[in-house]
Structure formats: C-alpha cells, structure tokens
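# Summary of the model geometry
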Amino acid sequence: MKELLEKLLEAVEFGKVDKKSPYPPQFKDQDGAYELAKLALEEGIRPDEILEDALVPAMANVGNKFSRKEIYVPQMLMSAKAMSAAMIHLKPFFQSGETKRKGKFIVGTVSGDLHDIGKNLVAMMIEGGGWEVIDLGVDVGSDKFLKAIDENPGAVIGLSALLTTTMENMKMIVTAIKEKHSDSMILVGGAPVTMEYCKKIGADFYSPDPQGAVNFLNRPVAH
Ligand code: B1M
C-alpha cells in the first residue's frame, strides 16, 4: 500500500501523466499518475489518504525543486497535469455530497494567477459538502466576481491566490466586492495567504485547506 502511494507520489513529482505518455523518458511504459491513482482506489486506499500522502507532498516537492532551480516551468506543468490525471479518479469521491444543496459558493483564482489545482480541490470538497459551486476559473478579476454575485445573490465567495504578487489583486477584489455587497461573505486561501492577511484585507475567513473551508461553510449559523 505504502509502495503504491510512493509510486504515485513519484509519478506526480516527475510528471508521468499516464502509461502512454512519453515523458519523462526514464518512466517509459510504466504506469502514470492516472493508472496508479485508479489502482490505489481499487486496493482500498482512501481518497483522502491518496491526496494527503501522495499528491499533495508530490506537489510540495515540485515547488521546492523549482525554488532551488532544479526544475523549470515545463516540468512544473507536467506535474500539474499528472496531478489532474490522478484527480479524475478521486473527484467523484469528493463530490459525492448530499444532493440537496445548502447554498451557492462562487470560487475563482484571482486575476493574474493561473494556479488552479488548490482552487479545484477546494471547489470539489465544497461541492461534496453539499454546496452548489460556481467555478469562475483562473485569472478572475473583480468585474467577473461582481457579475456572478449579481446573478447569485447570497452566494458565499471564495478567492484563491498562489503568488505573493497576486495577493495584492485579492485585496482589490475583496474591496470591490465589499463596496458593492457589504453583506457578502468572503473566504480566502492559497499558499501565501494567512489569517492575518485575511483580516488586513477585510475578508471574512481564511482556511489553509479545503476541509477548513467546508467546515466554515457548514458551521451552524444563528438566524
Ligand atoms: Co507556480 N509557483 N508559477 N506554477 N507553482 C508556485 C506557487 C511557487 C511557490 C513555486 C516556487 O517558487 N517554489 C511560486 C510562487 C512564489 C511566490 O509568489 N511566492 C510559483 C511561481 C513563481 C510561478 C510562476 C511565476 C513561474 C514562472 O513563470 N516563472 C508562474 C506564474 C503563472 C501565473 O499564475 N501567472 C507559475 C506557473 C505555474 C504552472 C502553470 C507551471 C503550475 C500551475 C498549474 C496549475 O495550477 N494548473 C505551477 C505549479 C504547479 C506550482 C507549484 C509547484 C504547485 C502549486 C500546487 O498546485 N500545489 C507551486 C509550489 C508549491 O505550492 N509548493 C508553485 C498543490 C495544491 C494542492 O496546493 O495550491 O497551495 P495549493 O492549495 C492548497 C491550499 O493552499 C489551499 O487548499 C489547497 C489544498 O490543500 N487553498 C485554499 C488553495 N486555495 C484555497 C482557497 C480557499 C481555501 C483554501 O478558500 C477559498
């Protein structure tokens, strides 16, 4: 079991998407993230274990290697592709929440930022937690968020940012939303974001991970 998770971790870290993928050459004809994630589920490994013990640490290794200039953007992109291939199998488990929706959640990665793996995980888990998710994608500016809020009054908003530079855009978007819809509930997250930053920019809640976001949305509220 541990060996399978290690293999999956390695496949994602080195960007081996699936068996037929020619990249990286040293993994030729071997199973990729797609096959290994499927196998892990068939072996009875829990989806959250696969995520926490293989996929997330693989992406952390990728980030560290990128910081040390041991790999470059194309390799990072292949790892992201491999992670997404594995997620194809995990997605249904995270999304199998109740069918009766608890409310609407509008989510997007802020303008200038193209990172969507974390945002997609948050979206999936929140959907699984019983909410209707309106995913605006990546590089989303305040106009698009405001339009979505107009179309879905009362929805909770989620903003993700992965770059220290785009955190500034997060601040602008929160300000624009609060100016027009002061009662909107805004949740923020992403690797460089902190609770302190959340408070500073006037957002309502920060979660370091998807589960915290789900717990926040599903918290009992006084009516
Ligand atoms: Co980029 N990148 N990247 N990248 N990338 C980082 C973020 C970086 C830390 C790598 C590094 O230097 N070590 C660094 C940022 C440095 C900084 O700003 N401090 C960086 C950089 C510099 C860049 C470029 C500028 C590189 C370049 O072009 N020179 C460029 C920017 C492009 C742009 O956005 N405009 C770039 C590009 C890319 C790729 C396109 C190649 C690819 C993204 C592909 C994709 O997303 N589809 C990529 C990747 C893969 C990464 C790393 C390696 C992995 C990110 C990831 O997916 N992590 C990343 C290094 C790292 O994070 N260790 C890195 C896994 C994911 C599950 O975690 O997204 O943190 P994360 O989400 C978590 C939590 O943060 C939280 O839940 C998730 C699950 O636990 N969360 C929320 C996220 N959003 C939330 C919202 C919430 C609540 C929780 O509520 C709403």
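Residues numbered from 1 in each chain as written. Predicted model: local features only at pLDDT ≥ 70, side-chain atom pairs only at ≥ 80, totals over all residues. Heavy atoms only, no water.

### Describing the domain arrangement of the chain
In many reports, interface size means the accessible area that the parts give up when they come together. Formally: An automatic or database domain assignment is the source of the domain bounds shown. Note on contacts: a residue pair is in contact if any heavy atoms of the two residues lie within 4.5 Å. Once two parts are joined, some of their accessible surface, as seen by a 1.4 Å probe, is lost; buried area is that loss totalled over both. The rule for a salt bridge is simple: a side-chain nitrogen of Lys or Arg has to be within 4 Å of a carboxyl oxygen of Asp or Glu. Nitrogen and oxygen atoms within 3.5 Å of one another constitute a polar contact, given that in protein one can donate a hydrogen and the other can accept it, and given that sequence-neighbouring residues count only through two side-chain atoms. Strands are runs of DSSP state E lasting at least 2 residues, helices are runs of H or I lasting at least 4, and numbering of each runs from the N terminus. Three categories are distinguished: nonpolar for Ala, Val, Leu, Ile, Met, Phe, Trp, Tyr, Cys and Pro, charged for Asp, Glu, Lys and Arg, and polar for the others, with Gly belonging to the last.
Here the chain is described as being made up of domain 1 (2-95) and domain 2 (104-222). Spacing between the C-alpha centres of domain 1 and domain 2 amounts to 26 Å. Opposite the 8 residues of domain 1 that make contact, domain 2 presents 6 residues. Buried surface at the junction of domain 1 and domain 2, summed over both partners, amounts to about 700 Å²; 82% is from carbon and sulfur atoms. Put simply, domain 1 and domain 2 have 0 salt bridges between them. Remark: the boundary between domain 1 and domain 2 carries 0 residue pairs in polar contact (both at pLDDT 80 or more). Those elements giving two or more residues to the side of domain 1 that touches domain 2 turn out to be helix H3 (47-67) and helix H4 (73-95). Broken down by element, the residue count for the side of domain 1 that touches domain 2 peaks at 6 residues, all from H4. Partitioned by chemical class, the residues of the side of domain 1 that touches domain 2 number 6 nonpolar, 1 polar and 1 charged.

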